[in-house]
Amino acid sequence: MSVLDDTGFEACTKCTICTEYCPVSEANPDFPGPKHAGPDGERLRLKDPAFYDSALRHCTNCKRCEVACPSGVKIGDIIQLARNTCDTSRRPVRDFILSHTDLVGGLSANRLAPVTNALAALPPVKKILESTLGIASKRRFPSYARQTFRAWYGKEAAAAQALFKDQVALFHGCYVNYNNPALGQDILTVLNALGVGVQLLEDEQCCGAPLIAARFLDKARANARINAASLHEAVAEKGLSVVVPASTCTLTLRNEYPDILDMDISRWRPRVELLTRHLHRLRTAGRTATLHPLNMKVVYHTACHMERLGWAGYSIDLIRQIPGLEVVVLPQQCCGIAGTYGFRKENYDTSQTIGASLFELIEASGADLVVCDCETCKWQIEMSTSKKCEHPATLFARSIRGG
Amino acid sequence: MRYDVIVIGAGLAGLVAGLRVLEGGRSCALVNAGQSALHFSSGAFDFLGHLPDGTPVSRAPDALEALADQAPDHPYALLGRQRTLELGQRAEAFLRDRGLALDGSLAAGNRLRITPLGTTVPTWLGASEALGLDPATGALPWKRLLVATVEGFLDLGADVLSSHLAATGATTEAAIRSASLRLPVLDRLRTNPSEFRSVNIARVLDHPEALATLAAELAPLARDVDAVVLPACLGFRSNEPVATLSRQIGVPVRVVPTLPPSLIGARFSRILLNRFLADGGVCMNGDRVTGHDWNGPSLARIYTASHEDIPLEADDFVLATGSFFSGGLTSGPHAVRETLFDLDLREAPQDRAAWTSASVFDPQPYMHYGVRTDATLRGQLNGNPVPNLHVAGLVLGGFDPVHLGCGGGVALVTALAVADRILGTKG
C-alpha cells in the first residue's frame, strides 16, 4: 500500500525533530522543512492537490528526516510521492539528461570516452552546459569509462566466474557500469577470494533513484519492472543472492519499489542486499581471505541512504578487519550532493553549503583516504576536498592483493 | 553482528552507558529508534528537587537518606547513598570531558533554573549559557536586565517571562525591560510562521554576518543594563555564538530554553553521539528492536527492523529505552508492559482507574511504573534476574521523575552503574 493511501502521517506529533536534522532547511530557508512539507502539507493535499507547495522541489530525498523521526513517519516518502503526483510543472530537458543515466552512460562509455571526458572538463563547454541546460558549471563531472563493466565482464570474466561452485549475482549499478568498472573488478576480487563467483543479471537498468527525484515516475516504473523480472529470476529461479555495491541503488530496489512505486517485491527482497552486508554473511559462515596490512588512516563517511538502510555497521566492520588500517567514523551528516541534486545550477550553492562542515572535518582529519559506499558522495568529496574517496570493496580488494 | 555490548536507546542514559563501555575498551553498538527525549529537554539535568512528601531539596547529598526512607524502590535507594553520590560526581566530570559546557555540581547544591514561563525549577547541571539564579543568594546575578525576544517568535513571551520572574522574588518588574527584536535577517524564515522555531532561527543567527546584525540591533538597547536575556535561539552546534554576541555587545548574554524542540538538548545529544562514533562505537539510527532469543536465563541476541534476519549479538545488553513517550513502556487497556522483553515491572496494577490521579497537576501513579530490578540493575523475568540485561534510565520503575525532579540524575547514575558492572569494576 502506498503512503498516500494510508494515514501513517497521523503519527506525527509535530515535534519538529526532523527539521532539526534536515540538511536542506539548514542551508536554504526557502525549504520549509520535512514536517511542514511532509505530514503537515499532506493533510491539505489530501483535500486538494492544489495545495501543493512548489518549495517541495528543494527536498533531496536524503531521508535523514525518517531516521530522526521518533514516531516512525515516512516523511521522505510522503514528500517524494507528493512531488511525483501533485507537481504538474514542466520537467526541463536538463532533468531528463541527468536522470536518464542509462541513455547518457550508454552514449558516453565507449572508446571515445577520453574525448568526451576531456570536452566535458573544458570551462567553455561547462559554461555552455550551464547557460543552455542549467547544469552547474562549477561541478566537476564524473568521467566515463572506455568500456562498460558489462562489456568487460562478458569478454574477460564470465567464463572464469562460472567455474566457482558458489555464485552470487551482482546488481552493479550505473556507476560501476559506465564510470568505474575498476570497482566492479574489485568486487570480483573480493568475492572470488572468499570462494564465490559473480554473475550479472539477465538485464539491468538504472535502479530509478534519479528518475524518481526528477519526477519521471513512468520511466522509473518501466525500469523497475525490468529489474524486478531480473531479480526475481536470479533469486527465485537460480536461487542466487544479489549483492549491490551502492547504498542508494540498494535503498531504491528494496524500499522505494514498494513504498514509492507500489510494487510487491516480497519474493526477492530478502535476498537482495548491500554488498558489505553479504560479505558479513560470508564471514559469519566461516569464509575468510588472507589480508595484507594497509598502513594508513581512513575516515568513513555514512551516506544518507546508508544511514536510512541502517547498514553502515557492515561496511565499517568490513574495513576494520584490514590489519594496519586506522578507521575513524565521521559524524553523521549529508555531503550535500544528493545524487543529481547538486548538478542542477540552482542547487549548487545549497549543495556546497550543506557539505561545508563535512569537508572541513575531512581536511582536518589527517586521513589518507575517505571511504564511502555511495558514488555521488565520492564525487562531491573528491571535488570539494583534497582527499580521494573509495568504496569499502576497493580497500578490501587492495588488502587482499597486498597493496 | 557481534559486539561486546549492545545498548538499546540513545537518550541520555544510553549514550552515557555506551560512551563509558567504549572508554573501558569494549566494542559497542547503539540501537536508536529515532532521536531521543534529550531533544525535548531543557538542556538541564536535575538530580533531586523534592522528596516524595513534597519537601524541597536544596542539597541532594543531605536528602538521600530521607529519600531512601520515603521511596525505598528509588534507584538511588537501591544503589545506596554513597554509591549514588560517587556516580553522580563522576557523571559531572564525564559529561564535561565529553564536551558539554555545564555549570553546577552536587557539592554546590541545587541551582534554580528559569523556565520559558519565568518560573524556577531546582536543577543540578545546566548549560552554562542558560539563565539561572545565583545559588548563594537565590537572586538573579544582575540588577538590570533586558529580556529581548524575536518578533514573530511564539515559543517565548518576554512579558510573561518578566512578570513571572519578578513574582519569584528574584528580581523586580522595574528592573526588567523587555524588547522585541526586528532582525530583518530572519524575514525569509518568517514566511513560514509555523516553522519560525528556535532551531531554524539559530541556524541563521549562528552565521557571523547574521550574528553581527543581531549585535547591532541589541547593542543600543543593552547600553544601560547589566545582562541580556534571549530565548535559546542561538548556538545550534556549540554555545560559541552566545559568547561571541556577549563580547560584541559588551554585557553578559544568557538564554532561556523555549518550548520543544530544545536547541540545547539537541546540541548535547549531537555532541555525545558524535563522540560515541569518534570513540569507535557503531550507531544504528532509526532502527528498532523487533525480536530476541534467550539462551537459558540470558539474552542471546536481538533482531531489528533494519537488520531483519541478521541478529545482533552481545555479551551484555543495556536497556535504556525510556518511559512511555519514548516507547520503553507501553500501556494497553488492562496492562502496562515493558515493550521489548516483557520484563517484570514495579507496581503497575491491572486496574486502569488506579493509573492516574484526577488532577493533571497531582503526581501521577503511572509515573512510578517501570522495570523492577535489585541493586544490580538487571532486568527480571518472573522474579529471576536476566544476568546480562542491564537497565538504565527512565524505563526503570519505582520513582516519579517529574514530581521528584530526578530524571536526569537517575539516567546518568544508573547508566554509569550498569557500565561499571559490565566492565567488572563494581558488583
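Residues numbered from 1 in each chain as written. Chains lettered and ligands numbered in written order. Predicted model: local features only at pLDDT ≥ 70, side-chain atom pairs only at ≥ 80, totals over all residues. Heavy atoms only, no water.

The next point concerns the packing of helix α16 (residues 275-284) of chain A against helix α18 (residues 312-320) of chain A. Think of two packed helices as two axes; the pair is described by the angle between the axes and how far apart they sit. Residues and elements named next belong to chain A. The interhelical angle for the contact between α16 and α18, taken along N-to-C directions, is 60°, at an axis separation of 8 Å. Classified by the angle their axes make, α16 and α18 are oblique. Helix-helix and strand crossings are classified by hand; for α16 and α18 the assignment is left-handed. Along its contact with α16, which presents T276, R277, L279 and H280, the element α18 presents Y314, S315 and L318. (Axes fitted to C-alpha atoms, helices over the stretch in contact; angles between N-to-C directions. Helix = DSSP H or I, 4+ residues; strand = E, 2+ residues; numbered from the N terminus. Parallel < 35°, antiparallel > 145°, perpendicular 65-115°, else oblique. Left-handed = near helix turned anticlockwise from the far one by under 90°. Contact = heavy atoms within 4.5 Å.)

Residue-level contacts link 37 residues of chain A with 39 residues of chain B. Taken over both partners, the interface formed by chain A and chain B buries close to 3300 Å², and the fraction arising from carbon and sulfur atoms is 47%. For chain A, the biggest contributors to the area lost against chain B are E20, E26 and P29 of chain A; these three give 19% of the whole. The interface formed by chain A and chain B holds seven salt bridges in total. A salt bridge links E195 of chain B to K35 of chain A; the nearest nitrogen and oxygen atoms lie 3.1 Å apart. At the boundary of chain A with chain B, the tally comes to 22 residue pairs in polar contact (both at pLDDT 80 or more). Mapped onto the side of chain A that touches chain B, the elements with two or more residues apiece are α1 (17-20), α2 (23-27), α3 (34-47), α4 (64-68), α16, α17 (304-309) and α18 of chain A. Examining the composition of the side of chain A that touches chain B, we find that four residues originate from one element, α18 of chain A, more than from any other. (Buried area = accessible area lost by both parts, 1.4 Å probe. Salt bridge = Lys/Arg side-chain N within 4 Å of Asp/Glu carboxyl O. Polar contact = N/O pair within 3.5 Å; in protein donor to acceptor, adjacent residues only side chain to side chain.)

Let us now look at the packing of α3 of chain A against helix α5 (residues 75-86) of chain A. Residues and elements named next belong to chain A. Packing of α3 against α5 brings their axes to within 9 Å, and their N-to-C directions diverge by 55°. On the basis of the axis angle, α3 is oblique to α5. In the packing of α3 onto α5, the handedness of the crossing is left-handed. Across the interface between the two elements, P34, A37, G38, P39, E42 and R45 from α3 touch I75, I78, I79, A82 and C86 from α5. A per-class count over the contact of α3 with α5 returns eight nonpolar, one polar and two charged. (Nonpolar A, V, L, I, M, F, W, Y, C, P; charged D, E, K, R; others polar.)

With that settled, the discussion passes to the sheet that holds strand β1 (residues 166-170) of chain A. Residue and element names in this part refer to chain A. Strand order in the open sheet made by the four strands is β2-β1-β3-β4, with parallel pairing throughout. Looking at the sheet topology across the chains shown, the edges are occupied by β2 (196-200) and β4 (272-274). Neighbour to neighbour, the strand axes of the sheet diverge by 40° on average, direction disregarded. Direction of pairing for β1 relative to strand β3 (residues 242-244): parallel, over a ladder of two bridges. Within the sheet, the bridge partner assigned to L170 lies in β3 and is V243. (Pairing = 2+ DSSP bridges.)

What follows covers the sheet that holds strand β3 (residues 44-45) of chain B. Residues and elements named next belong to chain B. Within the open sheet, the three strands sit side by side as β3-β7-β4. Their pairing is antiparallel. On the outer flanks of this sheet lie β3 and β4 (102-103), each paired with one strand and no other. Summarising the sheet, β3 and strand β7 (residues 125-127) pair through two bridges and their orientation is antiparallel. Bridge pairing in β7 places A44 opposite G126.

Residues and elements named next belong to chain B. A cis amide bond, omega 5°, links P260 with the succeeding residue P261. Within the secondary structure layout, P261 lies in the loop between β11 (253-256) and α10 (263-278). One non-glycine residue, E308, adopts positive backbone phi at about 50°. Relative to the helices and strands, E308 resides in the loop between β14 (298-304) and β15 (312-319).

Moving on to the pairing of β11 of chain B. Residues and elements named next belong to chain B. With four bridges joining them, strand β10 (residues 227-231) and β11 adopt parallel strand pairing. The residue of β11 that forms the bridge with P231 is V256. Following the chain from β10 across helix α9 (residues 240-249) to the adjacent parallel β11, one finds a crossover that is right-handed. (Right-handed = clockwise from strand over helix to strand, strands pointing away.)

Note that every value here comes from positions in space, so none of it alone points to a role or purpose.
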